[in-house]
Amino acid sequence: MSDFLKLEKLTLNYGGPTPAVENLDFSMQASELVALLGPSGCGKTTTMRAIAGLMKPASGTIMLDNRDITRVPANKRGVGLVFQSYALFPHLSVFENVAFGLRLARVSSADIKRRVDAVLASVGLSHLADRQPRELSGGQQQRVALARSIVVEPKLLLLDEPLSNLDARLRLEMRSELSRLQDELGITMIYVTHDQAEALALADRIIVMREGRIEQSGTPEDIYERPVSIFVANFMGFENCFELTGGKLKGIAPAGFETGSAAGIAWRPHAVLLGQGAHKGTVVGASYLGQVVEYLLSTPLGDIKAEALASAPRHGMGEEIAFDLPQAGAVLLARR
Amino acid sequence: MRFAGNTLLTLVLIFLIGPFVIICIAGLSGGETLAFPPQGLSLRWVQRVFEIESFRSAFWLSISLAIGSTLLALILGIPAAYALDRYNPPMAETIRNIVTAPIIVPGIIVGLALLRHLVVPLGIPITLALIIGHTALLVPYAVRVVSASLINLRTDVEEAAVMLGATRLQSFFKVVLPNIRSGILAAFIIGFITSFNQVPISLFLTGPGITTLPIGMMFYMEFNFDPSVAALSGLLAIMSLAIVMLAEKLLGLSRYV
Amino acid sequence: MFANRRLGILLLAPATLFVLVGFIIPVLILLAGAFRTGDAWSFANYTAFFSQPLNREVFLRTFRLGLIVTAVSAVLGYGVAMAVVEAGPKSKGRLVALLVLPLMISPVARTYAWLVILGRTGFVNVALTSIGLTDAPLRILFTETAVFIGLIQLFFPLMVLPLISSLENMPRDVVPAARVLGASWFAVFFKVILPLTREGLVVGGTLVFVGSLTAYVTPAILGGSKVLMLETLLYQRVSVANDFASAAVIAVILIVMSILTNILLKRLASVRRRR
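Reading the values: rules and limits
- Residues numbered from 1 in each chain as written.
- Chains lettered and ligands numbered in written order.
- Predicted model: local features only at pLDDT ≥ 70, side-chain atom pairs only at ≥ 80, totals over all residues.
- Heavy atoms only, no water.
- Helix = DSSP H or I, 4+ residues; strand = E, 2+ residues; numbered from the N terminus.
- Buried < 20%, exposed > 50% of the residue type's maximum accessible area, 1.4 Å probe, protein only.
- Contact = heavy atoms within 4.5 Å.
- Areas by Shrake-Rupley, 256 points an atom, 1.4 Å probe, with all protein chains shown as cover.
- Lys, Arg positive; Asp, Glu negative; His and termini not counted.
- Charge placed at Lys NZ, Arg CZ, Asp CG, Glu CD.
- UniProt positions renumbered as here; feature names shortened; annotations may be inferred.
- Buried area = accessible area lost by both parts, 1.4 Å probe.
- Salt bridge = Lys/Arg side-chain N within 4 Å of Asp/Glu carboxyl O.
- Polar contact = N/O pair within 3.5 Å; in protein donor to acceptor, adjacent residues only side chain to side chain.
- Nonpolar A, V, L, I, M, F, W, Y, C, P; charged D, E, K, R; others polar.
- Pairing = 2+ DSSP bridges.
- Axes fitted to C-alpha atoms, helices over the stretch in contact; angles between N-to-C directions.
- Parallel < 35°, antiparallel > 145°, perpendicular 65-115°, else oblique.
- Left-handed = near helix turned anticlockwise from the far one by under 90°.
- Core = buried A, V, L, I, M, F, W, Y, C linked by side-chain atoms within 4.5 Å.

Peer 1: For this particular structure, what's the right way to read the overall build of chain C?
Peer 2: On a plain count of helices and strands, chain C comes out with 13 helices and two strands. Principal-axis analysis of the C-alpha atoms places the extent of chain C at approximately 75 × 70 × 35 Å. The proportion of buried residues among the 275 residues of chain C is 50%. Once local pairs closer than 6 in sequence are excluded, the contacts in chain C between residues at least 24 apart make up 70%. Carbon and sulfur atoms make up 68% of the accessible area of chain C, which totals about 13,000 Å². Computed over 24 positive and 10 negative side-chain charges, the inter-centroid distance for chain C is 7 Å.

Written as structure tokens, this is what we have:
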């Protein structure tokens, strides 16, 4: 099966000294949902804008559905884009916002009515069809933006941090709604985000970007369980990362643990065992998080974050406690 | 403190607005010469205004000139404002300075320059020179007001239109234009009033049968002391008041001044 | 959207060319004429212009009236602007509309009203003689006072509107804060309000000063040939004497003064802000 979307040696330049994105290669299958994940400035939004056609690549090619679209103008690519700011047309009602693309495509008005009504129903906004965008809440505007993009049935739908302007509860709700829509419609989607929880929950595959390059690409499990670098590990909640030089760092790697040629080793806070073991540290911070208490320990190895059940006996500030970095919870990192 | 402030405010408002009330009353005079308080009240001078042929032709010239040059200034100014705001053109600052230059050059110089160095050497008609002069004066207003409303319209709204299949032209007409409509309307009203009331530019640009209304009034009052100019002034004041009230109701004009 | 320079140039070209050909070039040719005597470049026109006592008088009068009108507008402007801001948002809209209104009315109509008020048989003289303050009507028309009154009415709104908006943009509660700290009203104005509204003052001051320098209608109607200002002098030189050399000299003076005022005041505002 050939790739549905394929970027080859894509280089994108904003005119700065270094390119925003350099020699990017990636491909995805139809109906896949890929998350582009990374901190701001990593090039994920730039890459998305290039796929959309809003930015000219300095070099490289973009193939969509076996067609080279590198030079095709944005309005002829069949690519949809949901903007971070929603970018609803302020002068048009909800219905007309959604109908905009269909009207441009000269769809008959009976069909427009049918299709817009259907898509509004599927995002639960039928009752708001006559409202103006400014009368809607953030979550509702988000749904209009989504409806507007999917009603024209794009080959590929791009979503730029679509949930970042919503509050925590709405974000969860919209996240499951997006999941549902993707299952129902089977649209190929690229989801740009800096939030790893969103990426893990939604994506079939995650591409972690860093400074204009792909750092790691894989299933959510791959990325979460087996980060390849300290950068990805940090991003995925491994708070305790250590560099290994020459495959060894005395005192950290558990006895008998073969680190091979790994460049780093990492533990999540809950993997650190408190109250026993060869290492010692002083409690310099403690935060009660509900089920668990998170301790910050000052140790000869550097700061360590560890979690203990809230029901366990608490440790006071300044208390010196023993801890262990066990082999069971350790992850080896191939790169820095 | 507050009392003193309000007293001052009232006095200043009387100073600013009072003369218009007085001129309206003076225009209703029944006497032969201009005086206040007027000798009796009548509508004869108001009626007379409409009979004076030079006022009538000057009025129509001023109206057509104001509408024509405002429209022309908008046609030139809207694309310019749009390009300056969105396309980041080369030498943007220089071009902005060029198109807004007419606002800082005193009108009388413009009128004289157009007469001496455009009308006379190139033999173009006076009316065309009037249109050029007035349009040049209004281009800066058009560019400024339209720029101000473009700033409030985020670029991603246009990108959204493109992503839904619109060409650049379609996105301009279907998305940009409807959203800066009130700015354009404001620019039109300001432009119309500015042109209609303009004196210095038109001062030298007169010819046989070609005089704008304000200039015609000034010529007339040099030799006539009857209350007809007062009556006409009152009518113009009322017309401006109506336009301002309409504009304020439609779009809150005071935001743009 | 990616910047499309060619389209940008295409959109800018009509306006730029129009203003260049229909405005800037003719004006520049006119201004250049001020430095031509016969076929040579010289300053002879200037020496000739300023050697005439009348011209010097007009020049100084224009400058003086401009300064006085600006100063008086500023003083009155602060009082009015503060009263407007204190009046609360509801009446504010209406007050601003009243202040804007005169700007929309034909300056000829505006100035003509003063003819009715200040003339020999006008409102002021009728009032004065009827209460017996004067026997013969006072001569107010065709004096600097009349021109001053007309200019103030014409340009006061241009001062007060920027003052209102900069007063509104002042951080909230700085005035009560200064009062609580023991500042007198005098100190509050000079140490708090004035520095914080300097930009509005500069904008308004520029508009009023340049407006007064380049006024035509008001001095023409209320000053006549007795109280000439630079623009009325220019008109007179051209229409009465066909003296285009003097006209060009006046044009240069007017443009240089307007541009200098704009630059100077802008610099003043930004220097103070940086401090």
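Peer 1: I'm lost on the UniProt feature "transmembrane region" (unreviewed entry) in chain B in this one. Help?
Peer 2: Summarizing the sequence annotation, UniProt attributes the feature "transmembrane region" (unreviewed entry) to residues 59–83, 95–116, 122–143, 172–193, 199–221 and 228–247 of chain B in the numbering used throughout. Helix makes up 100% of residues 59–83 of chain B and strand 0%, whereas the separation of the span's terminal C-alpha atoms amounts to 36 Å.

Peer 1: Teacher, can you tell me more about the interface of chain C and chain B here?
Peer 2: Often, the extent of an interface is quoted as the loss of accessible area upon association of its parts. Contacts between the two partners involve 78 residues from chain C, matched on the other side by 78 residues from chain B. Taking both partners together, chain C and chain B bury about 7,100 Å²; carbon and sulfur atoms supply 83% of that area. At the surface where chain C touches chain B, the tally comes to zero salt bridges. Connecting chain C to chain B are three residue pairs in polar contact (both at pLDDT 80 or more). Looking at the side of chain C that touches chain B, the element that brings in the most residues is helix H1 (residues 5–33) of chain C, giving 20 residues. Looking at the side of chain C that touches chain B, its residues break down into 62 nonpolar, twelve polar and four charged.

Peer 1: Where do I start with the sheet that holds strand E16 (residues 320–324) of chain A in this structure?
Peer 2: Whether parallel or antiparallel, the strands of a sheet pair through hydrogen bonds between backbone atoms. Residue and element names in this part refer to chain A. Strands sit in the order E15-E14-E13-E16 across an open sheet of four strands; the sheet is antiparallel. Edge positions in the sheet fall to strand E15 (302–309) and E16, since each has one partner strand and no second. Pairwise comparison of adjacent strand axes, ignoring direction, gives a mean angle of 50° for this sheet. Pairing analysis gives six bridges linking strand E13 (residues 273–288) to E16, with the strands arranged antiparallel. What sits directly across from His279, in E16, is Phe323.

Peer 1: Looking at this structure, how should I read the packing of helix H4 (residues 92–100) of chain B against H1(C)?
Peer 2: A pair of packed helices is characterised by two quantities: the angle between their axes and the separation of those axes. Contact geometry for H4(B) and H1(C): axes closest at 9 Å, N-to-C directions at 50°. With respect to H1(C), the axis of H4(B) lies oblique. As for the relative orientation of H4(B) and H1(C), their crossing is left-handed in sense. Along its contact with H4(B), which presents B:Ile95, B:Ile98 and B:Val99, the element H1(C) presents C:Leu12, C:Ala15, C:Thr16, C:Val19, C:Leu20 and C:Ile24. Among the residues forming the contact of H4(B) with H1(C), the class breakdown is eight nonpolar, one polar and no charged.

Peer 1: How do you make sense of the sheet that holds strand E3 (residues 33–37) of chain A when you look at a structure like this?
Peer 2: Residues and elements named next belong to chain A. Here six strands make up an open sheet; going across it, the order is E6-E7-E8-E3-E9-E10 and the pairing mixed. Edge strands, defined here as strands with exactly one partner in the open sheet, are strand E6 (79–82) and strand E10 (213–218). Strand after strand, the sheet turns through a mean of 20° between neighbouring axes, direction not considered. Summarising the sheet, E6 and strand E7 (residues 156–160) pair through four bridges and their orientation is parallel. Note that in E7 the partner of Leu81 across the bridge is Leu158. Contacts from helix H1 (residues 44–52) reach E3, E6, E7, strand E8 (188–193) and strand E9 (205–210) within the one sheet, and its direction differs from that of E7 by about 150°. Contacting E6 and E7, helix H4 (residues 138–150) runs over the sheet at an angle of about 175° to E6.

Peer 1: What am I meant to see in the UniProt feature "domain: ABC transmembrane type-1" (unreviewed entry) in chain B here?
Peer 2: The UniProt record marks residues 59–247 of chain B with the feature "domain: ABC transmembrane type-1" (unreviewed entry), using the residue numbering of this structure. As annotated, residues 59–247 of chain B has a helix share of 80% and a strand share of 0%, and its two end C-alpha atoms lie 22 Å apart.

Peer 1: What should I look at first to understand the nonpolar core in this one?
Peer 2: The nonpolar side chains of soluble globular proteins are, as a tendency, buried together. With 177 residues, the main nonpolar core has B:Phe55, B:Ile109, B:Leu205, C:Phe23, C:Leu99 and C:Tyr112 as its most contacted residues. For this core, the element with the most residues is helix H3 (residues 53–86) of chain B, which contributes 15 residues. Every residue in contact with C:Tyr112, bar those within four places of it in the chain, is listed here: B:Ile23, B:Leu34, B:Met221, B:Asp226, B:Val229, B:Ala230 and B:Ser233.

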